[in-house]
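Fold and contact review
Letter by letter, the chains look like this.
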Amino acid sequence: MGKYLKYLLIFVPVVILIIITGILLFCPVPPPPAEEVKHARLTLSAARKAKADIYSGFLYNEAKAYYDSTILTWRSENTRFIYKRKYDEVRKYAGLAAERAYLALEASQNNYTD
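We now turn to the structure provided with this report.

Criteria and cut-off values
Residue positions are given per chain, counted from 1 along the sequence in the order it is written. Totals for whole chains, interfaces and linings use every residue, but because this is a predicted model, local features are given only for residues with pLDDT of at least 70 and side-chain atom pairs only at 80 or more, for both listing and counting. Where side-chain values are given, they derive from all heavy atoms of the structure, hydrogens and water being excluded. Here a strand is any run of E in DSSP of at least two residues, a helix any run of H or I of at least four, and the numbering for each starts at the N terminus. Throughout this description, a polar contact denotes any pair of N or O atoms lying within 3.5 Å of each other; where both atoms belong to protein, one of them has to be capable of donating a hydrogen while the other can accept it, and for residues adjacent in sequence the pair is counted only when both atoms sit in side chains. Here a residue-residue contact requires only that any non-hydrogen atoms of the pair lie within 4.5 Å. Take the buried Ala, Val, Leu, Ile, Met, Phe, Trp, Tyr and Cys residues and link them wherever side-chain atoms come within 4.5 Å; each set so joined is a nonpolar core. Whether a residue is buried, partly exposed or exposed follows from its accessible area with a 1.4 Å probe, protein chains only, as a fraction of its type maximum: under 20%, in between, or over 50%, in that order. Between N-to-C directions, angles span 0 to 180 degrees; the directions come from axes that are lines fitted to C-alpha atoms, helices contributing only their stretch in contact. Note on angle classes: values under 35 degrees are labelled roughly parallel, values over 145 roughly antiparallel, values of 65 to 115 roughly perpendicular, and the remainder oblique. Crossings are sorted by hand: turned counterclockwise from the far helix by less than a right angle, the near helix makes the crossing left-handed, and turned clockwise it makes it right-handed. Under the convention adopted here, Pro, Cys and the residues Ala, Val, Leu, Ile, Met, Phe, Trp and Tyr are nonpolar, Asp, Glu, Lys and Arg are charged, and Gly plus all remaining residues are polar. For this analysis, a ring pair means two rings from Phe, Tyr or Trp (six-membered ring only for Trp) whose centres lie within 6.5 Å, classed as stacked if their planes differ by under 30 degrees, edge-to-face if by over 60, and tilted for the remaining angles. A carboxyl oxygen of Asp or Glu within 4 Å of a side-chain nitrogen of Lys or Arg is what we treat as a salt bridge. An expected span of 1.5 Å times one less than the residue number is assigned to each helix.

Another point: the side chain of Thr70. For Thr70, the location among the structural elements is in helix H4 (residues 57–78). A distance of 3.4 Å separates the side chain of Thr70 from the backbone oxygen of Tyr93, its partner in a polar contact. Beyond its immediate sequence surroundings of up to four residues, Thr70 is in contact with Val37, Val90, Tyr93 and Ala94.

Right, let's talk about the nonpolar core for a bit. As a rule of thumb, nonpolar side chains are buried together in soluble globular proteins. Membership of the largest hydrophobic core comes to 18 residues, with the highest contact counts inside it found for Val37, Ala40, Leu44, Ala47, Tyr60 and Tyr67. Contributing elements (two or more residues each) for this core: helix H2 (34–49), H4 and helix H5 (88–113). If one sorts the elements of this core by residue count, H5 sits on top with seven residues. Not counting the four nearest positions on each side in its chain, Tyr67 is found in contact with Val37, Ala40, Arg41, Leu44 and Ala97.

Moving on, we get to the packing of H2 against H4. Relative to each other, H2 and H4 sit at 155 degrees, their axes nearing to 11 Å. The angle between the axes of H2 and H4 places the two elements in the roughly antiparallel class. The handedness of the crossing between H2 and H4 comes out as left-handed. For the pair H2 and H4, contact is made by Ala34, Val37, Ala40, Arg41, Leu44, Ala47 and Arg48 and by Tyr60, Ala63, Lys64, Tyr67, Thr70, Ile71 and Trp74, respectively. Of the residues in the contact of H2 with H4, the class split is ten nonpolar, one polar and three charged.

To continue, consider the packing of aromatic side chains. Enumeration over the complete set of coordinates arrives at two aromatic pairs. Plain terms: the ring middles of Phe81 and Tyr83 are 5.5 Å apart, the flat faces sit at 50 degrees to each other, and that makes the pair tilted.

A few words on unusual backbone geometry. Phi at Lys51 is positive, roughly 60 degrees, even though this residue is not glycine. Examined against the element boundaries, Lys51 turns out to sit in the loop between H2 and helix H3 (52–55). Using a relative accessible area of 44% as the deciding quantity, one classes Lys51 as partly exposed.

What follows covers the pattern of salt bridges. Taken as a whole and judged by the stated rule, the model has five salt bridges. Overlapping salt bridges, with partners in common, bring together Glu62, Glu99 and Arg100 in one network.

The α-helix winds at 3.6 residues per turn, so residues separated by three or four positions along the chain end up facing the same way. Compared with the 36 Å implied by 1.5 Å per residue over 25 residues, the 37 Å span of helix H1 (residues 2–26) between its first and last C-alpha is a close match. The element H1 is barely covered by neighbouring structure, given that only zero of its 25 residues are classed as buried.

On to the environment of Arg80. Tracing the sequence through the fold places Arg80 in the loop between H4 and H5. When near neighbours in sequence (up to four residues on either side) are disregarded, Arg80 contacts Arg85 and Lys86. In this structure the side chain of Arg80 is engaged in a polar contact, spanning 3.2 Å, whose partner is the backbone oxygen of Lys84.

Let us now look at the environment of Glu77. Of note, Glu77 is situated in helix H4. In this structure the C-alpha to C-alpha distance between Glu77 and Leu17, which are 60 residues apart in sequence, comes to 27 Å. Leaving out residues up to four positions away in the same chain, Glu77 has contacts with Lys84, Arg85, Lys86, Tyr87 and Val90.

Quick look at the structure:
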């Protein structure tokens, strides 16, 4: 009985460790919203180059605020455990930032050429 208990005490934790490792390896990790944030950053940069902060200040400031919210939300999500991260809010803010920056870019180009 002593040998059986000894092998059982070694075998059970090893099997549990293998099962947990397998679950963690094959469970899908949510992909980070890097492309959405990059698009928002590039659109905001293009709006800044077109002097949107001067010609359409309200839209540009709104886009900048959404981009700041994007970064803050992304940082807070990255503090969570990797399998519990939800980037939906980050994607939403990045989309709003890109949309407002594009509107500011268009408005500044129209004001600049008028």
